[in-house]
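Each chain, written out:
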Amino acid sequence: LKRQETGSTPGPPCAVMGRGLAACVLSALLSGADGFLIGVDLGREFFKIAAIAPGKPFEIVYNRHSTRKTPTAVSFFESVRGFGDDAVAQQGKAPEKVIGFYPSLLGADFTGKQPDSGLPHDYFPYKLSVDEERGAVHFNFDDQMMSIEEVAAHVFSFMRGISESFIGSKELRDVVVTIPALADQRQRQAIIDAVEIGMGTDKVSLIHETAAAAIQRAMDIEEKAAPAPEPEIGEDGQPKPVTPTKHVIGSGGATNVLFFNMGARHVESCVMRYHWQEGSPGVSVPVIKTLGCGATDGAGGFFADLEIANKMLNAFVDEHKGKAGVRQSKRALKKILAAAKKAKHVLSANKDARFAVEGLFEDTDFAKQIARTEFEEWCQPMFDKLIQPVEEALKISGLSMGDIDEVEVVGGGWRIPKVQSMLADYIQSKRPEGAAQLPLGQHLNGEEAFAMGAAFYSANASVTLRTKAVQFTDLSFHEYSLHITKKGGGDFSKKVKFAPVGSMLGAHKIVSLKDADFDLEVQLLENGAVISTYEITGIADACKQNEGVAPVVDIDIGLDTSGLVDFRSAEVVFETTPEAAPDAEAAPEPVLSVVEAKVALTGQTKPLPMTAAQKEEIRSKVEERNTYESEIKDSDATRNALEGYIYQSREKLESESLQAVTTPEGRDQLTQALNAAGEWLDSNAHTAKLKTLKEKLESVKAEFGPVLKRQREAEDRPRLKESVEKTLGLWGKTKKHVKKDMPWVDEDEVEKVQEMVDAFTVWYDEAQAQQKDHAPEEDPVFRVADAKQRIMKIVKASKDLTNIKKSVAEKKQDAEYWKKKVAVEDEGFDEEDYEEFKAKNNESGSLATETDAMKAYYDHIKAKKRADKDNVEL
């Protein structure tokens, strides 16, 4: 068995942020096309979205409550779904229909086991099942079952909606979603399926969450000149010039950074290496490489919330013996969990906190003081799990704490003081004796770094956006191998690890089999467990056609940049050597014949990924739900508009201004129409379709609208008279100013405006006279808006007159023009010198005007300056 590794290159270079943000944004704006890209940090408790589009910088997307992070939750309690905070608000009413903390269930394997959300059932009473066909988790709501991918798809659809609203575009081009570094094949595929269904795009990539934060950190890693080497001595005995080189400050010319990422229900630690390499001439390109990662799902900020909540729940029951029913109260449990979260935040900054809930259960208030030492004691079992991911990351990377140059903490859970002290103590205990203590770095926004890093990764991998390059290499932390046997049975059996733990994502290998002249069955194993089975056929037929030639079967397989196994192809290669010609001086070159074999997926273990038909079915259901809810929202808005129009119109019927433009009979008719519309709305408010509501609103407006227009006209007409008088008065002053002070303005230009004014005056006087004889309950002779439009034309024409500038020739007829030129030439204006020059040079009367005198003086100054420059006396 021969394994040959193909040339492997890192995945797409990744964008940067930090000090390089402006450059990245500028490049993206210059080279972008229509559409936008997003990076999604799919947290188990909250999600964040970062977006980039041409003309816009990298930004965190605000949700509909104008906040930058949104609970990863969806509610199916009402006919219209609730998302984020709206969903969480319904937990007290129907917690079994408000799905949160679900990402860990995507792709989860419960084969032969009872499905478990990993959440305490008292607070999250979900009804779970596993469907027999796929082995995937389903949520049960009353009479329906919903797969975990469908639940997630609803949330991803919501994410797309708020992103489109924030960016102002519906052209979503690419999506990058963060995942835990230890996610397996089924989990990765389930997330991709959910995104494709919910967001309606197949341009989906995954990135490890801590790696995304490491990308954002890239530009803050310091690059400095390395110590200059001793110069070489040339043949002339002089030292040769030395070109300074740069490197990243740290071990061996690189910086090793330990990331500690503590989220709500997950702790991950990764070792990342940063160094610089030469890109284009004179440009250093940051290079980031993942060296090792470890993780645990048994710790996180949410577990701390639960510890406080459970202790306070027990304390309440102990204090109020007759109120044990609080454990079954959905509303009370929601209040306790919300208060526990607040208390945890207070304890992160203070030595104690007051846990208080008003009306917790049966009108009973509850309050209790919590000391930080108590809290830390309650959480100690969780704290004991925090160091394990760090040790695993160091082990896989092959480094010790002595090799680590920096530590960076990210996520929301690290703010607990005990977490910081434990981590700092562990790091120092593993450092070499006498080594300086490494501080816990907080250079990043620990909760937004993942989404921003994912967005940069998306932008840099895009063909429509370019950012400042960073080369990035990530690793797989699972072992992938093949078990190859003869199809139909036989004694042929080969096992090969094509991607051991620590293999690079985006790299492929060629697995070569010699003398395999039969079709093959190939099992794909993840960490020793079979997950897929393939058949490679066409080998036997190809060997028959090339009888007597030993075949080599080459299997091209690897991991793509999202960490999914990529089984590209299989080929049968035959190598023959032609007979040499009798007079040939050299042996002929071997001839290769390549036959493409057929690779077919024949089986998978549960939980099975979704088929294309299953994804399309769910996509249709999500789109139908979106359309249905959009119509409901539009119907509500139209219903409210109709109700408001009826109410306001009734009020206006009582106003004097409206009564002045209507007859009693007309008002009675309008009252009857409004009453009829109100009665119809009372009877049909919640059953009428959107189209019917819109038609009813338009019919009411059509009946009442003309009256409102007459009312507005009657109210605006007195103010119009003032505006006309003011405009005509201003025109008279403007005309006088132009004729007196702006002689260069052609008289014809003034007359054009005057003609416009005269025409308006005639029209206005006639319209006013006709309107005076017109009944007020009839439509007006002219509209105030028409008159204002004519007035604005006069105002504009008048302003244009005053903006006419002198031509150069006209300016030269002005003494002030030459005086300014003298001041520029002579660096000032000497009045005495000018008067002396004028008296001396006007004896013949040639300087008849002030303009003539000033122009002659300018020529005199200019000639004098030229003579002084040539050092010649005037």
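Keep in mind the model is a prediction, meaning the values are calculated, not measured.

Q: Is there a simple way to think about helix α3 (residues 148-167) in this case?
A: Since the α-helix turns once every 3.6 residues, residues separated by three or four places project in the same direction. Taking 1.5 Å per residue as the helical rise, α3 with its 20 residues ought to reach 28 Å, and the 29 Å between its terminal C-alpha atoms agrees with that figure. Among the 20 residues in α3, 18 count as buried, and that is most of the element. Directly beyond the C-terminal end of α3, a positive phi value near 85° is found at G168.

Q: Teacher, can you tell me more about the packing of aromatic side chains here?
A: Two measures describe an aromatic ring pair: the distance that separates the ring centres and the angle between the ring planes. For the structure on display, the rule yields 23 aromatic pairs. Centre to centre, the rings of F101 and F124 are 5.6 Å apart; their planes meet at 75°, and the pair counts as edge-to-face. With F101 in the loop between β8 (98-100) and β9 (128-130) and F124 in the loop between β8 and β9, the pair connects residues that are 23 residues apart, well separated along the chain. When the ring of F829 is compared with that of Y857, the centres are 5.9 Å apart and the planes differ by 80°; the resulting orientation is edge-to-face. Here Y857 lies in helix α23 (residues 850-869) and F829 lies in the loop between α21 (815-826) and α22 (831-841), a separation of 28 residues in the sequence. Members of the aromatic cluster, joined through ring pairs, are F101, F124, Y126, F139, F302 and F303. Taking the ring centre of W680 as reference, the NZ or CZ of K696 above it sits at 5.2 Å. Above the plane of the ring of F782 lies R717, whose end atom (NZ or CZ) is 6.0 Å from the centre.

Q: Quick question: what am I supposed to make of the sheet that holds β9 here?
A: Within a sheet, neighbouring strands are paired by backbone hydrogen bonds and run either parallel or antiparallel to one another. In space, the three strands of this open sheet follow the order β9-β10-β11, with antiparallel pairing throughout. The open sheet has two edge strands, β9 and β11 (144-147), and neither has a second partner. When strand polarity is set aside, the average angle formed by the axes of neighbouring strands in this sheet is 40°. As paired elements, β9 and strand β10 (residues 137-141) share three bridges and run antiparallel to each other. Bridging from a neighbouring strand, L128 pairs with F139 of β10. Strand contacts of α3: β10 and β11, with the helix running at about 75° to β11, the strand carrying the most contacts.

The rules behind these values
- Residues numbered from 1 in each chain as written.
- Predicted model: local features only at pLDDT ≥ 70, side-chain atom pairs only at ≥ 80, totals over all residues.
- Heavy atoms only, no water.
- Helix = DSSP H or I, 4+ residues; strand = E, 2+ residues; numbered from the N terminus.
- Expected span 1.5 Å × (residues − 1).
- Buried < 20%, exposed > 50% of the residue type's maximum accessible area, 1.4 Å probe, protein only.
- Phe/Tyr/Trp six-rings, centres within 6.5 Å; stacked < 30°, edge-to-face > 60°.
- Lys NZ or Arg CZ within 6 Å of the ring centre and 35° of its normal.
- Pairing = 2+ DSSP bridges.
- Axes fitted to C-alpha atoms, helices over the stretch in contact; angles between N-to-C directions.
- Contact = heavy atoms within 4.5 Å.

Just distances and angles here, no functional claims.
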